[in-house]
Structures are given as C-alpha cells and as structure tokens.
Amino acid sequence: MLSTMQDDQLSLAHLLRHGTRMHADSVAATWTGSEARGATFAETGRRAAKLANALRGLGITGDERVGTFMWNNNEHLEAYLAIPAMGAVLHTLNIRLFPEQLVYVTNHAEDKVVLVDGTLVPLFAKQLPQMTTVEHVVVANGDPASVDAPDGVRVHSYEELLAAQPDTFDWPEIDERSAAAMCYTSGTTGDPKGVVYSHRSIWLHSMQICMSDTMRLSDADKALVIVPMFHAMSWGMPYAAFMVGASMVLPDRFLQPEPIAAVLAAEKPTFAGAVPTIWQGLLQHLDANPQDISHLREVVVGGSAAPPAMMHAFEERYGVPVLHAWGMTETSPMGSVARPPSWASGETAWRYRYSQGRFPASVKARLIADDGSEVPWDGESVGELEVAGPWIAGSYYGDADPDKFHDGWLRTGDVGRITPDGYLTLTDRAKDVIKSGGEWISSVDLENEVMAHPAVAEAAVIGVPDEKWDERPLVAVVVREGERVDAGALREFLRGRVAKWQLPEHWTFVDEVPKTSVGKFDKKRLRAAHADGALDIDHF
Ligand code: ADP
C-alpha cells in the first residue's frame, strides 16, 4: 500500500524562495578587514536571480558544472544559492589544492564557468591554460583585466554581468535526487575524489543542523562561518541558515587570530564553526589580548579531534561552550555531534563532550573489526567506523571505489569505539594509529595529553619505525609564545596520564606543525620530514 502523501521535491530552489521571503530581513555580511558589508536575505535572493540569469546567458542551461574559487563572502553565498536552484551543479574548488590537483578536479568535473575572487586570480589564472573545459571566468571583487586568458576563454566582471540582469528568475522544478553541488576530498592518497550532494541530501542535512541534538541554529543566531565554503560545504551552515533565517558573518580572507578577534568584537556573533587549529590560534591570541567573547552561545569544532584542554579553556576562561562534532566531506559533513544527554552534568557531561558525539537519527553507524565482523557498542571494543544514511555518499563521481563503499556503507577510515548509548570516540585514523609491539597507541590520545600542558600550543604525534617495537611515537611540539619547556619535563608531565609503555621517547620541537589544505595537522609531511632527517630529535 502506498501512502496518500504528496511526493513534493526537496529542492534548493524552494529553500532559496523560502529564505528570501520568510527571512527577508536576516543578513549575510562579509568582513572587509575593517567592517562588514552586508545584504539582507531578500537582497541576496534578488542577486542570486541576477546571477542565474547571467549564467544562463553564458550557456548554463542544464546540469553543467559551475566552479567557485572564492573565500567565504556574499558573492560565494549567491553562487551557493543560484547555481543549484537553477538546476546546474555548484563545484566548490579548494583554493589550497596543489596546482596539479586543482587542474585535475576542474577537468574531472568538467567545469564550464568558474567564479573567482579578485584576490585569488593570481593563484587561479596560472592554471587556466590546462583547464580544458572552462569557457568563462567571472571575476568577483576584482578586475577582470587581471586575468590573462588563453584563447577560447572569456573573462567577465561579476558586478557588470549582474547589473545587466533582471532580479527575478523562473526557478525550475528539480528532481530532489539530482546533483546540486560537488566537493572533492583533499585526497590523502591518489587523486582527489568527487562527492556529489543532491538537493535532497542538502535539504535533510540542513534540517539536522538546526535540530536540538546538533547545532540548534535558529533565527536568533548570527553565525560566524569560518570553515571554508570550499571545504565540505562550510559544514552545511549557509543552507541551514537560509532555512531558518540565521544571519551570517563571512570572514572572507581574514582568517588569522587577530582579524577573527576583530570580527568577534565588531559583529558579536552568537555561533561559529571552525577546525581546532583556528580555535587554538584564537585562544593564544585572546590569552595575550583579552576580549569579551561571551556573545558566542556556543562554537562548534570538528574536522579533527578537539583537545579537551582547549574546550575547558574556552568555557572556563571565556564562558563559551565548545561543541565537538565529527564528519567528513563524504558525510555532507555532519556525522555525529557531542551534545551530552540532558540528564548528564559535571564530569559525566564532560566525558560525553570530549567524545566525537552521538549519531542523529538519519545516520546509521557500525564498527567493523579486521576480520569483517561487527564490533559491539560496549564503549571499549575498537573497530573501523562505517556509516550510512540519506546524506552519506554511496560512491565517488565516476568512481565506485569498492574499497571505500560496500553493501551500502561508507568505510570512514576512522577507528574508534561506541558506547551503548551511541557516543563515538575516535582513537585514530586507521593510517595514523601507532603499532607498537602488537599493541595500538592512539596518536590522538597522546596529542591531547601533551596539549594539556600549559606551555604547549600544539602537539602532533606520528609513528616512527623502531627495530624492537615496529613503531614508536614521535611527538612534535610547538611551545606557546613566551613559555619554555623541554622534552624531559613533558615526559614527566605525561607520567601517570598515559600507560607507561606508551610514554614517548622521541620528541622534536618545531615552530609550526605542517597543516593540510584545510588546516589539519599534516602527518604525511611530518613523516616525510622525519624520513628526510629534517627534524632535530631528543631521544630518551
Ligand atoms: P580530509 O581531512 O581527509 O581531507 P575531510 O575534511 O573530509 O577530509 O576529513 C574527514 C576526516 O577528518 C575524518 O575521516 C576524520 O578522520 C577527521 N575528523 C573529522 N572530525 C573529527 C573529529 N571531531 N575528531 C577526530 N577526527 C575528525
């Protein structure tokens, strides 16, 4: 028996119409370095219509891909809305990809038009001759004459294109399963892989972002969207904000601790999202230049493990709760969120909050052992996490990748344990676990313990070859400005905090831990530096 309900399509065209009308006065504002330039959602909707008309004029009539090579700003938001709503596919290009990867993903997705921020033209235009499908480049916030275009590529000014267009557009009805947006994962091995989100997956994910068990975004919020719009769809915040009328502050290229502190002071957002390295940097800045940030009701941290010491520092020194979340590009990206059960308080609540969180109703999860059997959710047994659900990828674009996807499940490559009530604790990425004498050492646990030392700004742990034990941990430490600490003192600090056999005997002090294109510790580069003998190591 079929239901009697309407089979209405969940489309971003409807999301755009809804946000523009119901939340006409909510504001999206871009930081310019000294102040914010803003537009209401109503204006944003009109400009999105102009952009859609302009793109039609450039030959975007079906599901062609339109790339964006942009910071988080109003123009990028217009592209986020207009491109999927008109039936085309938004392809957010990661501005920090290596040049050959940028060329690869543009060609692989067959981008026809690319919108580029003026400040990013030098980075983008150099690769343009190798981009075989790009026909038009549209320069926002900059001078189109700065692009030295190869034959066959036309260059336009974003504002001039929009100025000539009507501010309404006949948004089409779209099958909710069609492609809306795509994002390539940074690809730790091999070429980057394309994840293609549907209208339906984005819609459902946006609803989840607003729910009480996750980020609770609402029209009372002003969200500072630090996590890049070119990485994992900015954690879904722009679409969720449009759904419920949350205002947004977009930091453009001003991502260092000092300008972020200035944005906080000027705009007083209630909510923000970023990877731990951004928060860690901000914390150091705030400790040296105190400022009231209690206007933040909560900040969400994910992308890599949030160090408990950092969570405590924000809450106890600045009155800002940190909400820890786990996800991947392949999971839209929200996978789990560490909101404790409402009955939990004190230490118990903190234990829940340190975890990577609980899965919402739409995300199914299981842990799989090396022999393929399922691992129980007893809070102790460890296995590889697999997930499934309506906003979880089932394949990559043009690549079924059977190693990553099987029986309808995504293999995450993350290793961890789950409590009986569904809270995930990741102990590592499969490739980062340190295998010492037949036992596993979690690099993340060690990092958190070292970072709990007050003189430590950052710590990254990798496994290094060892004749007797196969692998032993090497800790790379960044000391806080103005502080002093040596390896002996740190080793003593760890005694009692980690099992004796896990105490690292290799330490190195560095100015900075190398970071990936999205600001995570780049352990591949750290391993290479170690292999090249480029690190100065203290041994015990
Ligand atoms: P990549 O980092 O591989 O370029 P993603 O940005 O999609 O691609 O990152 C997803 C990965 O980031 C996860 O598989 C996991 O290893 C890690 N990650 C994300 N959130 C967390 C978290 N809260 N704690 C620990 N690891 C996390």
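Note that this is a predicted model, so its numbers are computed, not measured.

Reading the values: rules and limits
- Residues numbered from 1 in each chain as written.
- Predicted model: local features only at pLDDT ≥ 70, side-chain atom pairs only at ≥ 80, totals over all residues.
- Heavy atoms only, no water.
- Helix = DSSP H or I, 4+ residues; strand = E, 2+ residues; numbered from the N terminus.
- Rg over C-alpha atoms; globule rule 2.2 N^0.38 Å.
- Buried < 20%, exposed > 50% of the residue type's maximum accessible area, 1.4 Å probe, protein only.
- Phe/Tyr/Trp six-rings, centres within 6.5 Å; stacked < 30°, edge-to-face > 60°.
- Lys NZ or Arg CZ within 6 Å of the ring centre and 35° of its normal.
- 1 Å grid on protein atoms, 1.4 Å probe; cavity = no way out; pocket = protein on both sides within 12 Å on 5 of 7 lines; lining within 4 Å.
- Points joined across faces, edges and corners; volume = space filled by probe spheres on them.
- Nonpolar A, V, L, I, M, F, W, Y, C, P; charged D, E, K, R; others polar.
- Salt bridge = Lys/Arg side-chain N within 4 Å of Asp/Glu carboxyl O.
- Pairing = 2+ DSSP bridges.
- Domains from an automatic or database assignment.
- Polar contact = N/O pair within 3.5 Å; in protein donor to acceptor, adjacent residues only side chain to side chain.

Colleague: Honestly, the overall build of the protein in this entry has me stumped. Any pointers?
Modeller: Along its length, the protein carries 15 helices and 28 strands. In terms of overall dimensions, the protein is globule-like: its C-alpha atoms have a radius of gyration of 23 Å, near the 24 Å expected for 540 residues. Its C-alpha atoms give the protein principal-axis dimensions of roughly 70 × 60 × 45 Å. Across the 540 residues that make up the protein, the buried fraction comes to 58%.

Colleague: Just checking my understanding: could you explain unusual backbone geometry for this structure?
Modeller: With the exception of glycine, most residues fall at negative phi, and the peptide bonds are largely trans. Here the amide bond leading from Ser332 into Pro333 is cis, since omega sits at 10 degrees, within 30 degrees of zero. When you line up the elements, Pro333 lands in the loop between strand 14 (322-327) and strand 15 (334-337). The residue Trp235 is not glycine, and still its phi comes out positive at about 60 degrees. On the secondary structure map, Trp235 appears in the loop between strand 10 (222-225) and helix 8 (237-244). In this model, Ser332 sits at a positive phi of 80 degrees, which is unusual for a non-glycine residue. Its location among the elements puts Ser332 in the loop between strand 14 and strand 15. With a relative accessible area of 6%, Ser332 lands in the buried category.

Colleague: Can you walk me through the packing of aromatic side chains in this structure?
Modeller: The geometry of an aromatic ring pair comes down to the distance between the two centres and the angle between the two planes. The final tally for this structure, using the stated rule, is 11 aromatic pairs. Ring centres 6.4 Å apart and planes at 50 degrees place the aromatic pair Phe314 and Tyr318 in the tilted group. Placement of both Phe314 and Tyr318 in helix 11 (residues 308-318) is noted, with a separation of 4 residues, approximately one turn of the helix. Sitting above the plane of the Trp350 ring, Arg353 keeps its charged end 4.2 Å from the centroid. Positioned over the ring face of Trp440 is Lys435, at 5.8 Å from the centre of the ring.

Colleague: Just to check I follow, could you spell out empty space enclosed by the protein for this structure?
Modeller: Over the atoms a probe the size of a water molecule is rolled, and this reveals where empty space is left. Evaluation of the coordinates by the stated rule reveals 4 cavities of 30 Å³ or more. Each pocket or cavity is described by its volume, and for the largest cavity that value is around 50 Å³. Around the largest cavity, the lining residues are Tyr197, Ile202, His205, Met233, Gly236, Tyr239 and Ser332. For the lining of the largest cavity, the residue count by class is 4 nonpolar, 3 polar and no charged. Approximately 40 Å³ is the volume attributed to the second largest cavity. Contributing to the lining of the second largest cavity are 11 residues, with Thr92, Leu93, Asn94, Leu97 and Tyr184 lying nearest its centre. Contributions of two or more residues to the lining of the second largest cavity are made by strand 4 (89-92) and strand 8 (179-185). If one sorts the elements of the lining of the second largest cavity by residue count, strand 8 sits on top with 3 residues.

Colleague: Explanation requested: the pattern of salt bridges in the structure shown.
Modeller: Summed over all chains, the structure comprises 25 salt bridges. A salt bridge links Asp175 to Arg177; its shortest N-O distance comes to 2.9 Å. Owing to a relative accessible area of 35%, Asp175 belongs among the partly exposed residues under this scheme. For Asp407, the salt bridge goes to Arg366, with nearest N and O atoms at 3.6 Å. Here Arg366 lies in strand 17 (residues 364-368) and Asp407 lies in the loop between strand 20 (405-406) and strand 21 (409-418), a separation of 41 residues in the sequence.

Colleague: Please explain the pairing of strand 21 as it appears in this structure.
Modeller: Along any regular strand the residues' side chains alternate between the sheet's two faces. Here strand 21 lies mainly inside the structure; 7 of its 10 residues are buried. Sheet analysis places strand 19 (residues 383-388) next to strand 21, joined by 4 bridges and oriented antiparallel. What sits directly across from Val387, in strand 21, is Leu410. Note that strand 20 and strand 21 share 2 bridges and pair antiparallel. Residue pairing in the sheet places His406 in a bridge with Trp409 of strand 21.

Colleague: Help me out: how do you make sense of the domain arrangement of the protein in this one?
Modeller: By a widely used convention, the size of an interface equals the accessible area lost when the partners come together. Assigned domains of the protein: these are domain 1 (12-30 + 39-198), domain 2 (332-430) and domain 3 (434-539). A straight line from the C-alpha centre of domain 1 to that of domain 3 covers 41 Å.

Colleague: What am I meant to see in the side chain of Thr30 here?
Modeller: Summarising the element assignment, Thr30 is placed in strand 1 (residues 27-31). Thr30 gets classed as buried once you look at its relative accessible area, which sits at 1%. A polar contact is formed between the side chain of Thr30 and the side chain of Asn74, at a distance of 2.4 Å.

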